[in-house]
Number of protein chains: 2
Amino acid sequence: MRTITETVPLDHLHGWHHDRSTGFIAHESGRFFSVEGLLVERQSPGAAWGQPIINQPETGILGFLVKEFDGILHILMQLKAEPGNRNGLQLSPTVQATKSNYTGIHGGLPVPYLEYFQEPGRRIIADVRQSEQGSRFLRKRNRNMIVETTEPVEARDGFVWLTLGQLHRLLATEDLVNMSTRSVLACLPLGNDAGAAADEGFGTALARSLAADGPALHPLVDVLSWITETRTLSEMRARTVPLDALTDWAFTGGRIRHRAGKHFEVIGVRVEAVGREVGQWWQPMIRAQSTELAALLVTRVRGVLHVLMQLRIEPGLTDTAELAPTVQCTPADCAQLPPEQRPPFLDLVQNAGPADIRFDTTLSDEGGRFYHTGSRHLVVETDWLPEPLEFRWLTPGQLEDLAQHSHYLNMQARSVLACLRSLYDGGDR
Amino acid sequence: MRTITETVPLDHLHGWHHDRSTGFIAHESGRFFSVEGLLVERQSPGAAWGQPIINQPETGILGFLVKEFDGILHILMQLKAEPGNRNGLQLSPTVQATKSNYTGIHGGLPVPYLEYFQEPGRRIIADVRQSEQGSRFLRKRNRNMIVETTEPVEARDGFVWLTLGQLHRLLATEDLVNMSTRSVLACLPLGNDAGAAADEGFGTALARSLAADGPALHPLVDVLSWITETRTLSEMRARTVPLDALTDWAFTGGRIRHRAGKHFEVIGVRVEAVGREVGQWWQPMIRAQSTELAALLVTRVRGVLHVLMQLRIEPGLTDTAELAPTVQCTPADCAQLPPEQRPPFLDLVQNAGPADIRFDTTLSDEGGRFYHTGSRHLVVETDWLPEPLEFRWLTPGQLEDLAQHSHYLNMQARSVLACLRSLYDGGDR
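Residues numbered from 1 in each chain as written. Chains lettered and ligands numbered in written order. Predicted model: local features only at pLDDT ≥ 70, side-chain atom pairs only at ≥ 80, totals over all residues. Heavy atoms only, no water.

Another point: the overall build of chain A. For chain A, the helix and strand inventory stands at 10 helices and 24 strands. In terms of overall size, chain A behaves like a compact globule, its C-alpha atoms giving a radius of gyration of 21 Å where 429 residues would be expected to give roughly 22 Å. The C-alpha extent of chain A, read off along each of the three principal axes, is 65 × 55 × 35 Å. With 429 residues in all, chain A has 61% of them scored as buried. In chain A, the share of contacts with a sequence separation of at least 24, taken over all contacts with a separation of at least 6, comes to 70%. A total of about 16,800 Å² of accessible surface is found on chain A, and carbon and sulfur atoms cover 50% of it. Across chain A, the centroid of the 41 positively charged side chains sits 4 Å from that of the 51 negatively charged ones. (Helix = DSSP H or I, 4+ residues; strand = E, 2+ residues; numbered from the N terminus. Rg over C-alpha atoms; globule rule 2.2 N^0.38 Å. Buried < 20%, exposed > 50% of the residue type's maximum accessible area, 1.4 Å probe, protein only. Contact = heavy atoms within 4.5 Å. Areas by Shrake-Rupley, 256 points an atom, 1.4 Å probe, with all protein chains shown as cover. Lys, Arg positive; Asp, Glu negative; His and termini not counted. Charge placed at Lys NZ, Arg CZ, Asp CG, Glu CD.)

Structure, rendered in structure tokens:
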């Protein structure tokens, strides 16, 4: 089971065309996804920009099948090749399927274990639609599901039962645990029983912070009010336009790239696969120009870990703004900026010493849409710092509550929160 | 303080025009709102329809200022005239202002008490964006706020401090408590202390059901999963089109009406007001062809009240589907339908005997957009009934939890739930 991916010019993708009437790159069947132009306007600070964006108006399933063996929670993980993966196989949820996959539009094979996520009477642990990256996808959401079974389930070829503790430890391996897995992990209620532990280690502070009723700096109602206010006052308006109308972007050399070489480019690929839905296909993909950064600042307040979350407005989000990591940016794009225009806390997390770094691993974006693209996932402990207007210190317990609902945690936040939560050594429940 | 409203032809509204390029009715300033055409397609059951819809892409504030006097919660209510009110004044939240109002686009007077909802450091009880009617408004939401103050506050002319108990009792008066008030009331966490009471009355069953941790037929995670699944599988797509493209609707006699006389019509009005923002203005309004129905079936399960909620897909909702009353329809439009096409439970609630009716009052839709339009609000107690696929028995406590977040309870649900909750006699906390 492997894939071979080669880049090809966007105008040589079999089955895809640059639609003259819309100006989008779309599949001839009208299905899968399209690459469209997006014009974004913000009343304040008066910024406006255009960019390509992926429009895929269907909800896929990202599903964990979980089961207790000898009292220990196990997750059925899939070793899955995706065309954009740098390194071939990555650990993927039990089911990771677009609607086209699981309804058979590809004409491919049935999706293994899908029935556990569709049967009535299943035991649900989490089931929530979560956003994909709001600067790459237009209102795209996936259904993040965790379903527990008590039946005997055989791990088929390419699947493996891992404990939550094993999966947590594997997160520290570069480019191994894929983005969908991180997203679903962030939706898993961890619970904890270390709230009364006496020691003052990082793990204990994290465990205390995971208690749903743990002491938090901001009551949840104030957090919700802050989110409501930001969404209400935001004046971002976005509308799709033909790709040709994006003046900062050029369609040259068979790809679409930013004229200043920033952000990302849209490329074409031809994929040959063995053991996937079909043997060969073509598709557009997103390739970042450099590695991105998703960094969390954490601090202990009266022995309870708090995370500095940013409320970030992104044009592709369904509801305007979602909680994002303390720093979410492309450092290479920020290197030339004067200090006052650099993202808050960027220098602080980039200059953190080894003694303050709790997690530091580069992990891939989803290999079905992103080509050799990933983010450095960084968790840095700091003393308490004052909150800028668009930042709040929240507990992982509060974030876990919010993760049960749509539109609160963005993709990058879920991804790096999964890394932070992996440091809680209570996984093997 | 009163308004005089007269209907005028839509094409004689000063300041408004039928925009040739979009085909919408819009204000010449580009502000306020527009009336647009909407084409709606559903893959299954294959239905498609067109309708006019209001597009008002700004979030207004509906705010209660509350304060304890002698340990009893009071709400500062406003007696407010709206052009669409049948009866002049209705009880309105302390602040009920569109963004155009509170940013002074009207060139009108400042909004009284607005500062309590904008000050940092205010004590928030609830703050959540909630949808307006999803079959009349395109993704419209208002910010529903409840703010407590401990400062002395004088009730200005036209304002009055009412206890929650008084407001609850006034809900039983026809067309008195306005729609915005009902919406905010549904977001107020009631709490309760009657869970252990021994008697078996309706009020006790309601109080028990308001306990956040009360025993419910369905765990909340299963309710969230059901909502996620319905939203994921829904295939409704809606797009705006010129009003002229709506083949079932005719622009004749200065108004837009359904060719079969169903649903509603868009009319024009001229308003003269004393004591409002400006002395005279013109605007389009929605007039329903007959009174609508928002009915709840309730039952007691092991002494705990449960409400039969419907998950309803509406084209103007931001996230596809929201919980709606058991029955939400226009009975006159259903009278000719064969039994299998009538909304489930319509006959049951319409034929309920007086012994089973717990609440029955006709209340107005929002008088700023709806002309002499209202719904019969009906609560009927029944024995337990099996749940059709798109229905679930939920407790008022679960619904109160969900009301703290956006996109769970539709306008009609909040409105009739406020009526049900008014029967809980624990209001004067």
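With that settled, consider the interface of chain B and chain A. On the side of chain A, 31 residues touch chain B, which itself brings 31 residues to the contact. Around 2,600 Å² of area is buried between chain B and chain A when both sides are counted, 43% of it from carbon and sulfur atoms. When residues of chain B are sorted by the area they lose upon contact with chain A, B:Arg129, B:Thr232 and B:His405 head the list and together hold 21% of the total. The tally of links from chain B across to chain A stands at eight salt bridges. Across the pair B:Arg141 and A:Asp319 runs a salt bridge, and its minimum N-O distance is 2.9 Å. The interface formed by chain B and chain A includes 15 residue pairs in polar contact (both at pLDDT 80 or more). (Buried area = accessible area lost by both parts, 1.4 Å probe. Salt bridge = Lys/Arg side-chain N within 4 Å of Asp/Glu carboxyl O. Polar contact = N/O pair within 3.5 Å; in protein donor to acceptor, adjacent residues only side chain to side chain.)

Considering all chains together, one arrives at 14 aromatic pairs over all chains under this definition. Seen in terms of ring centroids, A:Phe345 and A:Phe391 are 5.2 Å apart; in terms of plane orientation they differ by 75 degrees. Their pairing is edge-to-face. Here A:Phe345, found in the loop between α7 (331–334) and α8 (346–350), pairs with A:Phe391, found in strand β24 (residues 391–394); they are 46 residues apart in sequence, far enough to count as distant. The exposure class assigned to A:Phe345 is buried, which follows from its relative accessible area of 16%. Between the aromatic rings of B:Phe69 and B:Trp161, the centroid separation amounts to 5.1 Å while the plane-to-plane angle is 70 degrees, which identifies the pairing as edge-to-face. Of this pair, B:Phe69 sits in strand β6 (residues 60–69) while B:Trp161 sits in strand β12 (residues 159–163); the two residues are 92 residues apart in sequence, bridging distant segments of the chain. The exposure class assigned to B:Trp161 is buried, which follows from its relative accessible area of 15%. An aromatic cluster is built from A:Tyr113, A:Tyr116 and A:Phe159, whose rings are joined through pairwise contacts. Its guanidinium or amino end placed over the ring of A:Phe202, A:Arg358 lies 5.3 Å from that ring's centre, counting from NZ or CZ. (Phe/Tyr/Trp six-rings, centres within 6.5 Å; stacked < 30°, edge-to-face > 60°. Lys NZ or Arg CZ within 6 Å of the ring centre and 35° of its normal.)

Across the chain, the bulk of peptide bonds are trans and the bulk of non-glycine residues have phi less than zero. Even without a glycine there, the phi angle at A:His263 is positive, about 65 degrees. Position of A:His263 among the secondary structure elements: in the loop between β15 (255–258) and β16 (264–274). Taking the relative accessible area as the measure of exposure, A:His263 reaches 33% and is therefore partly exposed. You will see that B:Thr320, though not glycine, has its phi angle at about 70 degrees, which is positive. Along the polypeptide, B:Thr320 turns up in the loop between β19 (304–313) and β20 (321–324).

What follows covers the side chain of A:Glu314. Residues and elements named next belong to chain A. Tracing the chain through its elements places Glu314 in the loop between β19 (304–313) and β20 (321–324). On the accessibility criterion, Glu314 (3% relative accessible area) is buried. In this structure the side chain of Glu314 is engaged in a polar contact, spanning 2.9 Å, whose partner is the side chain of Arg312. Here the side chain of Glu314 touches Gln328 through a polar contact of 2.8 Å, side chain to side chain. If sequence neighbours within four positions are ignored, Glu314 has contacts with Gly134, Ser135, Met236, Thr320, Gln328 and Asn410.

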